Amino acid sequence: MGVETLYSARWSGPTLIEKDETQSVNVDIERDGSAPTITAATFSLYNPAGTLLLEDVTATESSGNVSYDIPSATLTDEALGARWLVKFSVTIAGDVHTFYNDAVLCLARIYPPIGHTDIAARHGDITNLLPSGTTSTQAYITEAWVQLTNRMYSESVPFWRLRTPSILRGSLLYGALSLIFRDFSTLLDPGDKYESLADRYEGVYEKEFRSMRARFDSNEDNTISEAQVPTSPVLMLSTGPRRGYRYR
């Protein structure tokens, strides 16, 4: 390979693979906002021990989206947990580019506890302020969800085991509103009205995030914890060393 062209592999977070379900794993490849011409693509799957369960099987490509459906039978004898690895090998302009992502084999995934209806209920005029051709705030909600779950994951919180998804409502709502008004401040407001709202909601989001408590299905056996535990690290001021919640 000569001078390497950098392509964006737009992973939105760790790849969640639900056991006992046929799972589609995919990633969008782009450069300069457009999909490159992909002439071949394969997929590989590694378990936490580094064992190849699927090796260079043919993947599907459409407009830059590369995908593979993992058969449920492939994972029948595998234990739930993190430290899995997925890999797409993609041929573009005669060169093979390899895109890895961290993955988790889980019992189930969780979904955002708010929608556009909740955003509109908070600010009734938001729909009228959206850019031309945009009819809902879904894109902002999706981005806020990605940021929230990635933050939890980076702080060692296994969000896919959370069984009180409604506890994420506040953080997600205020995170989305912060993104919305930050965008409005650049599109609509030469002053500081929307910028101030964005700052306000960003601050509320931070408080919500740090105060969340929820119940988890720690062993992913459909038995939830008796006590609510923090969904983010808790730092305590004391004369001793710092202590933080870390889910194991």
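Nothing here was measured: the structure is a model prediction, and the numbers come from that model. (Residues numbered from 1 in each chain as written. Predicted model: local features only at pLDDT ≥ 70, side-chain atom pairs only at ≥ 80, totals over all residues. Heavy atoms only, no water.)

A few words now on the layout of surface pockets. The volume enclosed by the largest pocket comes to roughly 740 Å³. Lining the largest pocket are 28 residues, and of these Ser12, Gly13, Pro14, Arg109 and Val146 lie nearest its centre. Of all the elements in the fold, those that place two or more residues in the lining of the largest pocket are strand S2 (15–18), strand S3 (23–30) and helix H3 (138–154). Top contributing element to the lining of the largest pocket by residue count: H3, with nine residues. A per-class count over the lining of the largest pocket returns 13 nonpolar, eleven polar and four charged. Ala144, Gln147, Leu148, Ser171, Leu172, Gly175, Ser178, Leu179, Arg182, Glu202 and Tyr205 are the residues that line the second largest pocket. Every element with two or more residues in the lining of the second largest pocket is listed here: H3, helix H4 (169–187) and helix H5 (193–211). By residue number, the principal contributor to the lining of the second largest pocket is H4, which donates six residues. Of the residues contributing to the lining of the second largest pocket, the split by class is five nonpolar, four polar and two charged. (1 Å grid on protein atoms, 1.4 Å probe; cavity = no way out; pocket = protein on both sides within 12 Å on 5 of 7 lines; lining within 4 Å. Points joined across faces, edges and corners; volume = space filled by probe spheres on them. Helix = DSSP H or I, 4+ residues; strand = E, 2+ residues; numbered from the N terminus. Nonpolar A, V, L, I, M, F, W, Y, C, P; charged D, E, K, R; others polar.)

Formed by 36 residues in total, the largest nonpolar core has its most connected members in Ile119, Leu148, Met152, Leu168, Leu177 and Phe181. Mapped by element, the contributors of at least two residues to this core are strand S9 (95–106), H3, H4 and H5. Take this core: its biggest share by element is eight residues, from H4. Not counting chain neighbours up to four residues away, the residues in contact with Leu148 comprise Leu168, Ser171, Leu172, Tyr205 and Phe209. With 23 residues, the next largest nonpolar core counts Tyr68, Trp84, Val90 and Ile92 among its residues. (Core = buried A, V, L, I, M, F, W, Y, C linked by side-chain atoms within 4.5 Å. Buried < 20%, exposed > 50% of the residue type's maximum accessible area, 1.4 Å probe, protein only. Contact = heavy atoms within 4.5 Å.)

A word on the pairing of S3. Residues Gln23, Val25, Val27 and Ile29 of S3 are buried on one face, while the alternating residues Ser24, Asn26, Asp28 and Glu30, pointing to the opposite face, are not. Where strand S1 (residues 8–9) meets S3, two bridges bridge the pair, whose relative direction is antiparallel. Looking at the pairing, Ser8 lines up with Glu30 of S3. (Pairing = 2+ DSSP bridges.)

This paragraph deals with the environment of Ile180. Assignment of secondary structure puts Ile180 in helix H4. Separated by 36 residues in the primary sequence, Ile180 and Ala144 have C-alpha atoms spaced 9.8 Å apart. Ignoring anything within four residues of it in the chain, the contact list for Ile180 reads Ile119, Ile126, Thr137 and Tyr140.

By the element assignment, Arg109 lies in the loop between S9 and helix H1 (116–122). For Arg109 and Ser72, which are 37 residues apart along the polypeptide, the C-alpha to C-alpha distance reads 16 Å. Apart from residues no more than four positions distant in its own chain, Arg109 is found in contact with Leu16, Glu18 and Gln23. A polar atom in the side chain of Arg109 sits 3.0 Å from the side chain of Gln23. (Polar contact = N/O pair within 3.5 Å; in protein donor to acceptor, adjacent residues only side chain to side chain.)

Attention now goes to the packing of H3 against H4. Between H3 and H4, whose axes approach to 8 Å, the crossing angle comes to 125°. When the interaxial angle is binned, H3 and H4 end up oblique. Note that H3 runs across H4; the crossing there is right-handed. Contacts between H3 and H4 involve Tyr140, Ile141, Glu143, Ala144, Trp145, Gln147 and Leu148 from the former and Ser171, Leu172, Gly175, Ala176, Leu179, Ile180, Asp183 and Phe184 from the latter. (Axes fitted to C-alpha atoms, helices over the stretch in contact; angles between N-to-C directions. Parallel < 35°, antiparallel > 145°, perpendicular 65-115°, else oblique. Left-handed = near helix turned anticlockwise from the far one by under 90°.)

Moving on to the packing of aromatic side chains. Applying the stated criterion across every chain yields a total of twelve aromatic pairs. With 6.4 Å between their ring centres and 85° between their planes, Tyr153 and Phe159 make a pair best called edge-to-face. Classification of Phe159 as buried rests on a relative accessible area of 6%. Ring pairs connect the aromatic residues Tyr174, Phe181, Phe184, Tyr194 and Tyr201, which therefore count as one cluster. If you follow Arg151 out to its NZ or CZ, it ends over the ring of Phe209, 3.9 Å from the centre. Sitting above the plane of the Tyr201 ring, Arg200 keeps its charged end 5.2 Å from the centroid. (Phe/Tyr/Trp six-rings, centres within 6.5 Å; stacked < 30°, edge-to-face > 60°. Lys NZ or Arg CZ within 6 Å of the ring centre and 35° of its normal.)

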